[in-house]
Amino acid sequence: KQEVTQIPAALSVPEGENLVLNCSFTDSAIYNLQWFRQDPGKGLTSLLLIQSSQREQTSGRLNASLDKSSGRSTLYIAASQPGDSATYLCAVSGLGGGSQGNLIFGKGTKLSVKP
Amino acid sequence: NAGVTQTPKFQVLKTGQSMTLQCAQDMNHNSMYWYRQDPGMGLRLIYYSASEGTTDKGEVPNGYNVSRLNKREFSLRLESAAPSQTSVYFCASSGGPGPYGYTFGSGTRLTVV
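Rules behind the numbers
- Residues numbered from 1 in each chain as written.
- Chains lettered and ligands numbered in written order.
- Predicted model: local features only at pLDDT ≥ 70, side-chain atom pairs only at ≥ 80, totals over all residues.
- Heavy atoms only, no water.
- Phe/Tyr/Trp six-rings, centres within 6.5 Å; stacked < 30°, edge-to-face > 60°.
- Helix = DSSP H or I, 4+ residues; strand = E, 2+ residues; numbered from the N terminus.
- Buried < 20%, exposed > 50% of the residue type's maximum accessible area, 1.4 Å probe, protein only.
- Contact = heavy atoms within 4.5 Å.
- Buried area = accessible area lost by both parts, 1.4 Å probe.
- Salt bridge = Lys/Arg side-chain N within 4 Å of Asp/Glu carboxyl O.
- Polar contact = N/O pair within 3.5 Å; in protein donor to acceptor, adjacent residues only side chain to side chain.
- Nonpolar A, V, L, I, M, F, W, Y, C, P; charged D, E, K, R; others polar.
- Core = buried A, V, L, I, M, F, W, Y, C linked by side-chain atoms within 4.5 Å.

**Student:** Explanation requested: the packing of aromatic side chains in the structure shown.
**Tutor:** Aromatic ring pairs are described here by two measures, namely the spacing of the ring centres and the angle between the planes. For the coordinates displayed, the defined rule picks out 9 aromatic pairs over all chains. A centroid spacing of 5.8 Å and a plane angle of 45° characterise the contact between B:Tyr35 and B:Phe104, whose relative ring orientation is tilted. Of this pair, B:Tyr35 sits in strand 4 (residues 31-38) while B:Phe104 sits in strand 10 (residues 102-104), and the two are 69 residues apart along the sequence. Judged by its relative accessible area of 1%, B:Tyr35 is buried. Among the residues examined, B:Phe104 registers a relative accessible area of 8% and is labelled buried. Following the ring pairs from residue to residue traces out a cluster consisting of A:Phe36, A:Phe105, B:Tyr33, B:Tyr35, B:Phe90, B:Tyr102 and B:Phe104.

And the structure:
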């Protein structure tokens, strides 16, 4: 059974710092990995989607990498801003048929960027 | 540009009452999903519909039923609400199982007293 772990559970940094959020998964047979952002009391906003054949994806100040063989992904946020404060969720979908193809989530990293 | 729309946004139920959460997507996606989110537990899949006309159980299906009304709509029903079903419910859709990204609705905050 696929398990997704995110470390750290919470992170507080001063504004302007570059930071890395980590995600690991136990089964490397995945279709893709998706990073989401969730603001308090809100829904999930997709940030980046990395297909299993890709190594990384970039969007603005965000860069996500994928090392499928080691079961790891990192989300790099450059020059962090207070508006980046949110919970960041990592999720993977598996190669198997049926329910294995559904998205499995980590519990998230709560990021706080201090002015 | 609506994406995935959920109704209602908030609901309070008494134990034993029933209700249906509605979800609709306008992206012509094949697959739709219902998740619940609880503190410390993360997001867990309740039911999913890989394509129109099919539904399957996810990780936590007990106490729920679903209907894939058509390609656009996927509803979640609580027949007899229990306090353990107090949660935030999210509907999502994707192009299909596997290689497609998911789009989520804004959620329904349900409290069962």
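**Student:** Please clarify how the interface of chain A and chain B should be interpreted in this entry.
**Tutor:** Bring the parts together and some accessible area is lost; that lost area is often taken as the interface size. Taken together, the contact pairs 23 residues of chain A with 21 residues of chain B. Carbon and sulfur atoms make up 54% of the surface buried where chain A meets chain B, a total of about 1,500 Å² over both sides. Of all residues in chain A, A:Leu44, A:Asn102 and A:Phe105 bury the most surface against chain B, accounting for 29% of the area lost on that side. Counting every contact that joins chain A to chain B gives 0 salt bridges. Taken together, chain A and chain B are joined by 5 residue pairs in polar contact (both at pLDDT 80 or more). Mapped onto the side of chain A that touches chain B, the elements with two or more residues apiece are strand 4 (30-38), strand 5 (44-51), strand 9 (86-94) and strand 10 (103-105) of chain A. If you tally residues by element for the side of chain A that touches chain B, the top one is strand 4 of chain A, at 5 residues. Within the side of chain A that touches chain B, the residues separate by chemical class into 7 nonpolar, 13 polar and 3 charged.

**Student:** Would you mind showing me how to read the nonpolar core here?
**Tutor:** Nonpolar side chains tend to gather and get buried jointly when the protein is soluble and globular. Ranked by internal contacts, the top residues of the largest apolar core, which has 22 residues, are A:Phe25, A:Leu33, A:Trp35, A:Leu75, A:Ile77, A:Tyr88 and A:Leu111. If you list the elements that add at least two residues to this core, you get strand 3 (19-25), strand 4, strand 5, strand 7 (62-67), strand 8 (72-77), strand 9 and strand 11 (109-114) of chain A. Grouped together as the second largest cluster of nonpolar side chains are 20 residues, B:Met32, B:Leu76, B:Ala81 and B:Cys91 included.

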